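Okay, here's what each chain looks like letter by letter:
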Amino acid sequence: MNAPLPKAGDLVYVTRAASVQFVKPIWCRVIRVLDWITYDGWCWLDVYQLDARGDAVARRSLFVQPAKLESRQPVGRPEQRRPQGVRRRPDAGGSRPVPAGRQPGQSGQGTGLRWAARMRQPYPSS
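Residues numbered from 1 in each chain as written. Predicted model: local features only at pLDDT ≥ 70, side-chain atom pairs only at ≥ 80, totals over all residues. Heavy atoms only, no water.

Looking only at helices and strands, the chain has one helix and six strands in total. Counting helices and strands in the order they occur from the N terminus, the chain gives β-β-β-β-β-β-α. Counting the 126 residues in the chain, one finds 24% classified as buried. In the form shown here, the chain has an accessible surface area of approximately 9,700 Å², with 52% of it arising from carbon and sulfur atoms. (Helix = DSSP H or I, 4+ residues; strand = E, 2+ residues; numbered from the N terminus. Buried < 20%, exposed > 50% of the residue type's maximum accessible area, 1.4 Å probe, protein only. Areas by Shrake-Rupley, 256 points an atom, 1.4 Å probe, with all protein chains shown as cover.)

Before going further, it helps to spend a moment on the sheet that holds strand β3 (residues 43-50). Taking strand neighbours across the sheet as the criterion, the four strands line up as β1-β2-β3-β4 in an open arrangement whose pairing is antiparallel. Looking along the sheet, the strands with just one partner apiece sit at the ends: β1 (11-14) and β4 (56-64). Averaged over all neighbouring strand pairs, the angle between strand axes comes to 45 degrees, with direction disregarded. Two strands pair when backbone bridges link them, and β1 and strand β2 (residues 26-34) are joined in this way by four bridges, in the antiparallel orientation. Opposite Leu 11, over in β2, you have Arg 29 as the bridge partner. (Pairing = 2+ DSSP bridges. Axes fitted to C-alpha atoms, helices over the stretch in contact; angles between N-to-C directions.)

Here the focus is the pattern of salt bridges. Counted by the stated rule, this structure contains three salt bridges. With its nearest N and O atoms 2.8 Å apart, the salt bridge here joins Asp 46 to Arg 59. With Asp 46 in strand β3 and Arg 59 in strand β4, this pair connects stretches of sequence that are 13 residues apart. The residue Asp 55 makes a salt bridge to Arg 53 at a minimum N-O spacing of 2.6 Å. Through salt bridges that share partners, Arg 32, Asp 46 and Arg 59 make up one connected network. (Salt bridge = Lys/Arg side-chain N within 4 Å of Asp/Glu carboxyl O.)

It is worth spelling out the packing of aromatic side chains at this point. Enumeration over the complete set of coordinates arrives at four aromatic pairs. Centroid distance Trp 44 to Phe 63: 5.1 Å. Interplanar angle 40 degrees. Geometry classified as tilted. Residue Trp 44 is located in strand β3, and its partner Phe 63 is located in strand β4; the two are separated by 19 residues in the primary sequence. An aromatic cluster of at least three residues, connected via ring pairs, comprises Trp 36, Trp 42, Trp 44 and Phe 63. (Phe/Tyr/Trp six-rings, centres within 6.5 Å; stacked < 30°, edge-to-face > 60°.)

The subject of this paragraph is the side chain of Thr 15. When you line up the elements, Thr 15 lands in the loop between β1 and β2. Look at Thr 15 and you get buried, because its relative accessible area is 12%. Setting aside anything within four residues of it in sequence, one finds Thr 15 in contact with Phe 22, Pro 25, Lys 68 and Glu 70. (Contact = heavy atoms within 4.5 Å.)

Another aspect to go through is the nonpolar core. Within the largest apolar cluster, 13 residues are counted, with the highest numbers of intra-cluster contacts made by Val 14, Cys 28, Leu 62, Val 64 and Leu 69. Broken down by secondary-structure element, the contributors of at least two residues to this core are β1, β2, β3 and β4. Setting aside residues no more than four positions away along its own chain, Leu 69 makes contact with Pro 6, Val 12, Tyr 13, Val 14, Ala 18, Leu 45 and Val 64. (Core = buried A, V, L, I, M, F, W, Y, C linked by side-chain atoms within 4.5 Å.)

Our focus in this paragraph is the environment of Thr 38. Within the secondary structure, Thr 38 is located in the loop between β2 and β3. Here Thr 38 falls in the partly exposed class, since its relative accessible area comes to 27%. Counting along the chain gives 25 residues from Thr 38 to Phe 63, while the straight-line C-alpha distance between them is 8.9 Å. Excluding residues within four positions of it along the chain, Thr 38 makes contact with Cys 43, Trp 44 and Phe 63.

Listed below in structure tokens is the structure:
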């Protein structure tokens, strides 16, 4: 009896039940299922290993039993939405939120973004 294979983009929790090498369980996002020949009930997965925040920290190939993979949502994982009334600066790469009443490029001191813009310009040659 073969379990359905995970699809690209699926979030899976790999525990010791899925493969004995995972004494400490890990969260992974599936890149693809590799078509390598394996034992019945096993498969190779190409995945990104995720940290506690859900960011990819390593790319791995895992030999697992798909029937034993858990595909639930992680506990304690923060929502990816911004609070109401907060938007991102388009020129700063989305590094910090801008309060709703302030325009992008306005900071309390007024010098931070101008200094950053000067640092992005090429150094003048002599």
